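One letter stands for each residue in the lines below.
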Amino acid sequence: MDLASTYVCLWTLLAFVLTWTVFYVNNRRKKVAKLADAETAVRRDGDADVIIVGAGVGGSALAYALAKDGRRVHVIERDMREPVRMMGEFMQPGGRLLLSKLGLQDCLEGIDEQLATGLAVYKDGQKALVSFPEDNEFPYEPTARTFYNGRFVQRLRQKSSSLPNVRLEEGTVKSLIEEKGVIKGVTYKNSAGEETTAFAPLTVVCDGCYSNLRRSVNDNNAEVLSYQVGYVSKNCQLEDPEKLKLIMSKPSFTMLYQISSTDVRCVMEIFPGNIPSISNGEMAAYLKDTMAPQVLSTQVMRCHGSSFTFTHLHT
């Protein structure tokens, strides 16, 4: 009688374990299927696997790489006009190598790009030349390129949007759509002024240093140690234009490089505290009276009816 009771208890326990296992497995399968259906619905609604906010250098290159990998990409860019900025105008050999690996090397062609082979340093009347080293193990031409950033960006946009699975749209992203700590997509205003939404499993924010979304995802307050201000001198040619010029001027350095066949970019560092105003002419006076004599003393540039245009400050 005791043995029979023991068998009954064991079989009852075994039946319970098997029943619970079957129930758990089936329930798990239903949850996985439900999540997959929800993800499919999101993709179908947004018609994208990835949303990219911003079609600058990073956003456009990322869109191209993801699309070549088979992803459906929706890129939302605030302003499709050619950007006017002085960042990202000098691409060193390593950058050109990586651009080539992405299949984007032709975006550096046909934009009046200039060859750069090294650096010329000027200090106290002395000059030193530094060339990019020729390394037999480096699998690419050891030269750099200088160019107008906006022209390069436009070529990247054209290249990425040429792929059928990239949708490049002009619009202003207002906010990220978040549910239970997960970013589901974005709310944005399209070119017609209509506020709409877009959804995707992954959202990448690449909208630059003046991003209105950065504060919502990153509370890091960086300390500003210096600014850079620059201008373009038209109808000018550098002495030995294949060398970027680094002048150890005062109060800080000045850089010059041939940004096109006819234009020279001049960039200098300015420290916080007493930044000359651009709007009231203080900046022009500062550059003309304080910085220009130091640059001209090196005799690195020849100009013909030169004029210059300012770009805004960068940290």
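Everything quoted here is computed from the prediction, not taken from an experiment. (Residues numbered from 1 in each chain as written. Predicted model: local features only at pLDDT ≥ 70, side-chain atom pairs only at ≥ 80, totals over all residues. Heavy atoms only, no water.)

**A look at the sheet that holds strand E3 (residues 90-91)**
In plain terms, the rule: Only when DSSP finds a minimum of two bridges between them are two strands counted as paired. Every helix listed is a DSSP run of H or I at least four residues long, and every strand listed is a run of E at least two residues long, numbered separately from the N terminus.
Here we have three strands laid out as an open sheet, ordered E3-E7-E4, and antiparallel in their pairing. The open sheet has two edge strands, E3 and strand E4 (114-116), and neither has a second partner.

**Concerning the packing of helix H2 (residues 57-68) against helix H4 (residues 149-161)**
Selection criterion: Throughout, an axis means a line fitted to C-alpha atoms (over the contacting stretch in the case of helices), and angles, computed between N-to-C directions, take values from 0 to 180 degrees. Roughly parallel here means an angle under 35 degrees, roughly antiparallel means over 145, roughly perpendicular means 65 to 115, and every remaining angle is called oblique. Rotating anticlockwise by less than a right angle from the far helix to the near helix defines a left-handed crossing, while the corresponding clockwise rotation defines a right-handed one. Any pair of residues with heavy atoms lying within 4.5 Å of one another is described as a contacting pair.
H4 packs onto H2 with a crossing angle of 25° between their chain directions and a minimal axis gap of 9 Å. Between H2 and H4, the interaxial angle falls into the category roughly parallel. Regarding H2 and H4, the two cross each other, and that crossing is left-handed. For the pair formed by H2 and H4, the contact residues are Val57, Ser60, Ala63 and Tyr64 on the first element and Asn149, Phe152, Val153, Leu156, Arg157, Lys159 and Ser160 on the second.

**Some remarks on the pairing of strand E15 (residues 254-258)**
Note the following rule: Each residue's exposure class comes from its accessible area (1.4 Å probe, protein chains only) as a fraction of the maximum for that residue type: buried when under 20%, exposed when over 50%, partly exposed otherwise.
Counting buried positions along E15 yields four of five residues, so the element is predominantly enclosed. In the sheet, strand E14 (residues 243-247) pairs with E15 via three bridges, with the strands oriented antiparallel. Its bridge partner being in E15, leucine 246 is matched across the sheet by methionine 255. The turn joining E14 and E15, which pair antiparallel and follow one another in sequence, is formed by six residues. Hairpin connection between E15 and strand E16 (residues 264-270): a loop of five residues separates the two successive antiparallel strands.

**Describing the sheet that holds strand E8 (residues 166-179)**
With respect to topology, six strands assemble into an open sheet ordered E10-E9-E8-E2-E1-E11, the strand pairing being mixed. The sheet is open, and its two borders are formed by strand E10 (195-199) and strand E11 (202-205), each paired with just one other strand. On average, adjacent strands in this sheet sit at an angle of 40° to one another, irrespective of strand direction. In terms of strand pairing, E8 meets strand E9 (residues 182-190) through eight bridges, oriented antiparallel. Along E9, the bridge assignment pairs threonine 172 with lysine 189.

**Points about helix H3 (residues 93-101)**
The condition is simple: When we speak of the arc, we mean the arc of directions from the helix axis to the C-beta atoms.
Looking only at H3, the buried set comprises Pro93, Arg96, Leu97 and Leu99. Down the axis of H3, the buried side of the element spans an arc of 160°, and every buried residue falls inside it. Of the exposed residues in H3, those oriented more than 90 degrees away from the buried face are Leu98 and Lys101. In the segment just after H3, glycine 103 is the residue with positive phi, at about 80°.

**Examining the confidence of the model for the protein**
Applied cut-off: A residue's pLDDT is simply how confident the predictor is in it, with values from 0 to 100.
Per-chain confidence: the protein averages 85 in pLDDT, with 82% of residues scoring 70 or above. In the predicted structure, residues 40-44 sits below a pLDDT of 50 and forms eight contacts with residues beyond four places in sequence or in another chain.

**Points about the environment of valine 130**
One can find valine 130 in strand E6 (residues 126-131). Owing to a relative accessible area of 44%, valine 130 belongs among the partly exposed residues under this scheme. A sequence separation of 11 residues divides valine 130 from leucine 119, and the C-alpha atoms of the two residues are 5.0 Å apart. Those residues in contact with valine 130, other than ones at most four positions away along the chain, are Gly118, Leu119 and Lys243.

**Topic: the nonpolar core**
Where we set the bar: Joining through side-chain atoms within 4.5 Å is the link that ties buried Ala, Val, Leu, Ile, Met, Phe, Trp, Tyr and Cys residues into a set, and such a set is a nonpolar core.
Ranked by internal contacts, the top residues of the largest apolar core, which has 21 residues, are Ile52, Val73, Val75, Leu104, Leu108 and Phe152. Looking at this core, the elements with two or more residues in it are strand E1 (50-53), H2, strand E2 (73-77) and H4. No other element matches H2, which puts five residues into this core. For leucine 104, the contacting residues outside a window of four places in its chain are Ala61, Tyr64, Leu99, Leu156 and Lys159. One finds Tyr231, Cys236, Met268 and Met291 within the second-largest nonpolar core, a separate group that totals 18 residues.

**Quick notes on helix H6 (residues 282-296)**
Selection rule: For a helix, the expected span equals 1.5 Å multiplied by the number of residues minus one. Fitting axes to the seven residues ending at a residue and to the seven starting there, one defines the bend at that residue as the angle between these axes.
In a regular helix each residue adds 1.5 Å, so 15 residues correspond to 21 Å; H6 covers 20 Å between its end C-alpha atoms and thus fits that length. Along H6, the sharpest kink reaches roughly 35°, centred on threonine 290 and followed within four residues by the proline proline 293. Listed in full, the buried residues belonging to H6 are Met283, Tyr286, Leu287, Met291, Ala292 and Val295.

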